[in-house]
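A closer look at the structure
If you want the building blocks of each chain, they are given just below.
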Amino acid sequence: MKHWLVLIGLFFSQLLLAQNANSDLIQLQNHPQKDTTRCFLLNKIIEAENDHNIWIKYNQELQKIALDNSKKENNKTLKNTYIKYLSISYNNDGAYELYNEKYDKAILLYKKSLQMANSIQYHIGSSLSLQNIGTAFDYLGKIDSTLVYMKKAHQFALRSKNKSSIAYVLTDLGYVYNNLGNNNLAIKYNLEALPLFEKMNDLEGLERTNFALGRIFDSQKDYKTSCSYYLKCLEIDRKTNNKERLGLILNSLAATNTNLNLLEKALQFNNEAFQLATQMNNEDLIATSHKNYGDIYFKKKENEKAKSNYLSAEQLFKIIKSDLHLSKVQIKLATILFHQNQFTQAKEYGLKAFELAQKTNFPSDQKNAAEILSQIFSKEKDFQNAYKYKSIASDISEEIYFDESKDIALKATYLYETEKKEAAIKALNQKNKIAELESKKKTTTLYLVILFFTGITTTGYVLFSRYKEKKKNEILQNQLAETEKLLAAEKKVTESELKALKSQMNPHFIFNALNSIQMQFMYGDKLTANEQLNNFTYLTRQILEVSGKKSITISDEVEILTKYLQLEQLRFKKDFTFSVVVSNSIDEDYHKIPPMLIQPIVENSIKHGLLHQKGDKKVSVHFDIDEEETHLICTVIDNGIGREKSAEIKAKNHSTHNSFSTQAIEQRLELLNEKLQLPDLITYSDLVSNENEVNGTKVVIKIPIV
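Here's a quick rundown of the structure. (Residues numbered from 1 in each chain as written. Predicted model: local features only at pLDDT ≥ 70, side-chain atom pairs only at ≥ 80, totals over all residues. Heavy atoms only, no water.)

Note: α-helices contain 3.6 residues per turn, so residues at a spacing of three or four share the same orientation. Helix length check: helix 18 (residues 343–360), at 18 residues, gives a terminal C-alpha distance of 25 Å against a target of 26 Å (1.5 Å per residue), a fit within 8%. Among the residues making up helix 18, those that are buried are Ala346, Tyr349, Gly350, Ala353, Phe354, Leu356, Ala357 and Thr360. The arc that holds the buried residues of helix 18, viewed along the axis, is 165 degrees, so those residues lie on one side. When the buried face of helix 18 is taken as reference, the exposed residues oriented beyond 90 degrees from it are Thr344, Glu355 and Lys359. At the C-terminal side of helix 18, Asn361 shows a positive phi close to 55 degrees. (Helix = DSSP H or I, 4+ residues; strand = E, 2+ residues; numbered from the N terminus. Expected span 1.5 Å × (residues − 1). Buried < 20%, exposed > 50% of the residue type's maximum accessible area, 1.4 Å probe, protein only. Arc of directions from axis to C-beta.)

This is how it looks when you write it as structure tokens:
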């Protein structure tokens, strides 16, 4: 991730050519008075400019214009536009500080950008700021914090529905999970990003995804495959002239070829990487190049050269605070010093490396550090500590190499099956050759006759086998077609049942609403009755509109509920209050539920709980989402008489009527989710005070997200 993610801070810069930047400068001079136009052009120039010392000057002007106008502008649309550019300018400031390796300062600026973006629901900007915060923490070696912010960035990217934003966050999540050793999730997120980049023909995104896949194969020690992915990246980076990425890929190719023992090739890639890093004065890439030199010379058994480069890398990694890479270098230094019989210094480096590996929570580094420490303590006759670190290394090995062992077993099985098939093919070829030689020796008529009949029999068997296989395939295809028809029919039945239930629920609600309006006319309050009638007309129109839909957004459901409760509020006058609250973890315009699912529950709360309640009557509706993000949780609470008293009143009135709406909701929930039983989907409970008095009812509905 490293330096290439800094470019995200400039909204995926490098997308414009130099001549476009010159054109923007001309336009900028022609529009000195129009602030919105000037902000737009300044932002385009910043995106196109590669030199951060140049674009930061334009960013200062962009920030001043945006800040001044956001304070004094009264028009909401224009004000939001200036706040958006202010968010972008803070992001750019953060990128500049990241270039200068001032990571804490960069994080503060990215958080200011996030605050501005959130204030106007600028989801793309929020996602971008969170990505960049995660990147800064990655520089600081805090991979857990990186993961937290990347997950948040993914949520905002999905809300934005911007393919580019979603794809880049997916790639970053793949990078983080690869560092954490979770190859399953690393592959999953990268494979989700790849088709998005291909549809957009985004070379930069394709390069990063290929790079991520190369890293995954590196972690599996399949260096030939990882090298092929890195070479694809190299081709793209040379084409786009992205020096930051080019340096990163060259370093990766140097490391991979070192692991393949292609040391001269590794040296060639690393020389180019080091030269490029020196030209850019990029300490991160310079440090990585020194580490690669150390690895190359270590494999060449030129320990002094290796040691010199490792020491240079160590100093630079300390400066840029890259604990992850620092621990790796210190392990190598401890190893070299151990082989040079400098046990005191070796132990010092080994202990430092082990402490850093524990801090970065990188298991393979902990294992390597523990192994060299065990050897050092053994040489010093400190067998207690030698055994201690040997046990630590052994325990970690079992944890981190279990999945690798499984992968190796799968690969070995595949190789075994391949070799077996190849051996069978060779044996068959040998038999055919022997048969040909024998047939030439056999000249008698009898042998020819036998051979003739054998040929006929073989041909008949082959033809019969083919005919049998063909018929078998036809039967399987027919069975598959019948299965697909059956599934389609079952799906139609389920959908028709849901539609039937919804169509039954609508008249039920309409009857109750008209009854409320009729009561107002009976009381002679025509003004209130007319107001209720207007609300009822609007609400009926909304119900008719959504009743044919399979699902509606949370915002639409909240609007319908609010209108219904306003009708009931006019009915109860001042005694009735209500609230409808949606959790911040829910995107009201993104998450959906089946229509008319909550209203009957609220209606029951009013009819059975509040209607017989004296004094203030309250009902609240709260929407939330569960931790797995598979179900929406809707909670309806009233301060009514409770279920027991309601049942007594019902019995007293000799009512045998069962609530149709409740039954309908239960049926709909069971149809929507066959995996859970009804008690798991909807629960009823009384609210009891400290004096053991019932003061309300609580209904919790678990709705599968549609």
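Each packed pair of helices is defined by two parameters, the angle between the axes and the distance between the axes. For the pair helix 11 (residues 203–219) and helix 13 (residues 243–259), interaxial distance at closest approach is 12 Å and the crossing angle is 20 degrees. Comparing the axis directions of helix 11 and helix 13 gives the class roughly parallel. For the pair helix 11 and helix 13, the crossing hand works out as left-handed. Within the contact between the two elements, helix 11 uses Glu207, Arg208, Phe211 and Asp218 and helix 13 uses Arg245, Leu248, Ile249, Ser252 and Thr256. Split into classes, the residues belonging to the contact of helix 11 with helix 13 amount to 3 nonpolar, 2 polar and 4 charged. (Axes fitted to C-alpha atoms, helices over the stretch in contact; angles between N-to-C directions. Parallel < 35°, antiparallel > 145°, perpendicular 65-115°, else oblique. Left-handed = near helix turned anticlockwise from the far one by under 90°. Contact = heavy atoms within 4.5 Å. Nonpolar A, V, L, I, M, F, W, Y, C, P; charged D, E, K, R; others polar.)

Bringing the pairing of strand 6 (residues 682–688) into the picture now. Two strands pair when backbone bridges link them, and strand 6 and strand 7 (residues 694–704) are joined in this way by 6 bridges, in the antiparallel orientation. Directly across from Ile682, in strand 7, lies its bridge partner Ile701. (Pairing = 2+ DSSP bridges.)

Positive phi is not limited to glycine here, since Asn241 has a value of about 60 degrees. Its location among the elements puts Asn241 in the loop between helix 12 (223–240) and helix 13. Judged by relative accessible area, Asn241 falls into the exposed class, the value being 52%. Phi is positive for Lys321, close to 60 degrees, though the residue is something other than glycine. Summarising the element assignment, Lys321 is placed in the loop between helix 16 (303–319) and helix 17 (323–339). Owing to a relative accessible area of 46%, Lys321 belongs among the partly exposed residues under this scheme.

Let's shift gears to the packing of helix 4 (residues 52–72) against helix 5 (residues 76–99). Look at helix 4 against helix 5: their axes get within 8 Å of each other, and the N-to-C directions meet at 150 degrees. The angle between the axes of helix 4 and helix 5 places the two elements in the roughly antiparallel class. You can see that helix 4 and helix 5 cross each other, and the crossing is left-handed. Classifying every residue of the contact of helix 4 with helix 5 gives 14 nonpolar, 8 polar and 3 charged.

Shape descriptors only; they carry no functional weight alone.
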